[in-house]
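Each chain is listed here by its residues.
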Amino acid sequence: KIIEYYGDYWHASELLFEQDDLHTNIGITANEIRKKDEDKIKEIEEAGYQVLVIWENEYNTNPDEVKTRIKNFLV
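Residues numbered from 1 in each chain as written. Predicted model: local features only at pLDDT ≥ 70, side-chain atom pairs only at ≥ 80, totals over all residues. Heavy atoms only, no water.

Undergrad: Help me understand the overall build of the chain in this model?
TA: The helix and strand inventory of the chain stands at three helices and four strands. Ordered by position from the N terminus, the helices and strands of the chain form the series β-β-β-α-β-α-α. With the principal axes as the frame, the chain shows a C-alpha extent of 40 × 30 × 15 Å. Taking all 75 residues of the chain together, 28% fall into the buried category. Contacts in the chain between residues far apart in sequence, at least 24 positions, make up 45% of those at least 6 positions apart. Averaging the coordinates of the 9 positive side-chain charges in the chain and doing the same for the 17 negative ones gives two points 7 Å apart. (Helix = DSSP H or I, 4+ residues; strand = E, 2+ residues; numbered from the N terminus. Buried < 20%, exposed > 50% of the residue type's maximum accessible area, 1.4 Å probe, protein only. Contact = heavy atoms within 4.5 Å. Lys, Arg positive; Asp, Glu negative; His and termini not counted. Charge placed at Lys NZ, Arg CZ, Asp CG, Glu CD.)

Structure representation (structure tokens):
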């Protein structure tokens, strides 16, 4: 099992970026970042792993709920 923690800025959260927004530090659009992340998760799952993605804003908004999700995922 793998837990991916996505920072809202670096992983182009929909809360911060529209899909066609250019991420100036990375040099690609938010949509391209999301596609890379999606492809990465798919590749990991195809290798036989289960993946839980936690977003920074989810944890900041409700850390107890996220901790419960993590505990349930790891069981």
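Undergrad: Explain a negative patch on the surface to me, please; I cannot follow it from the model alone.
TA: Together, E14, E18, D20 and D21 make up a negatively charged patch on the protein surface. Take E18: it is sitting in the loop between β1 (2-6) and β2 (22-23). Taking relative accessible area as the criterion, E18 reaches 57% and is therefore assigned exposed. (Patch = residues over 30% accessible without salt bridge, like charges linked within 9 Å, V, L, I, M, F, W, Y side chains within 5 Å. Areas by Shrake-Rupley, 256 points an atom, 1.4 Å probe, with all protein chains shown as cover. Salt bridge = Lys/Arg side-chain N within 4 Å of Asp/Glu carboxyl O.)

Undergrad: What is the right way to look at the pattern of salt bridges in this model?
TA: Pairing is possible between side chains that carry opposite charge, provided their charged atoms lie close to one another. One pass over the full model with this rule turns up three salt bridges. We note a salt bridge from K35 to D39, for which the minimum N-O separation is 2.8 Å. With K35 and D39 both in helix α1 (residues 30-46) and four residues apart, this pair spans about one turn of that helix. Residue K35 is classed as partly exposed on the basis of its relative accessible area of 43%.

Undergrad: Even after reading the chapter, I still don't get the packing of aromatic side chains, so can you show me in this structure?
TA: Evaluation of the coordinates by the stated rule reveals three aromatic pairs. Centroid distance Y6 to W55: 5.2 Å. Interplanar angle 90°. Geometry classified as edge-to-face. Here Y6, found in strand β1, pairs with W55, found in strand β4 (residues 51-55); they are 49 residues apart in sequence, far enough to count as distant. A ring pair is formed by Y9 and W10, whose centres lie 5.0 Å apart and whose planes are at 85°; its orientation type is edge-to-face. Classification of W10 as partly exposed rests on a relative accessible area of 48%. One aromatic cluster is present, built from ring pairs that chain together Y9, W10 and F17. The ring of F73 is capped by K1, whose NZ or CZ atom sits 5.2 Å from the centre of that ring. (Phe/Tyr/Trp six-rings, centres within 6.5 Å; stacked < 30°, edge-to-face > 60°. Lys NZ or Arg CZ within 6 Å of the ring centre and 35° of its normal.)

Everything listed here is a matter of coordinates, which is why it stays silent on function.
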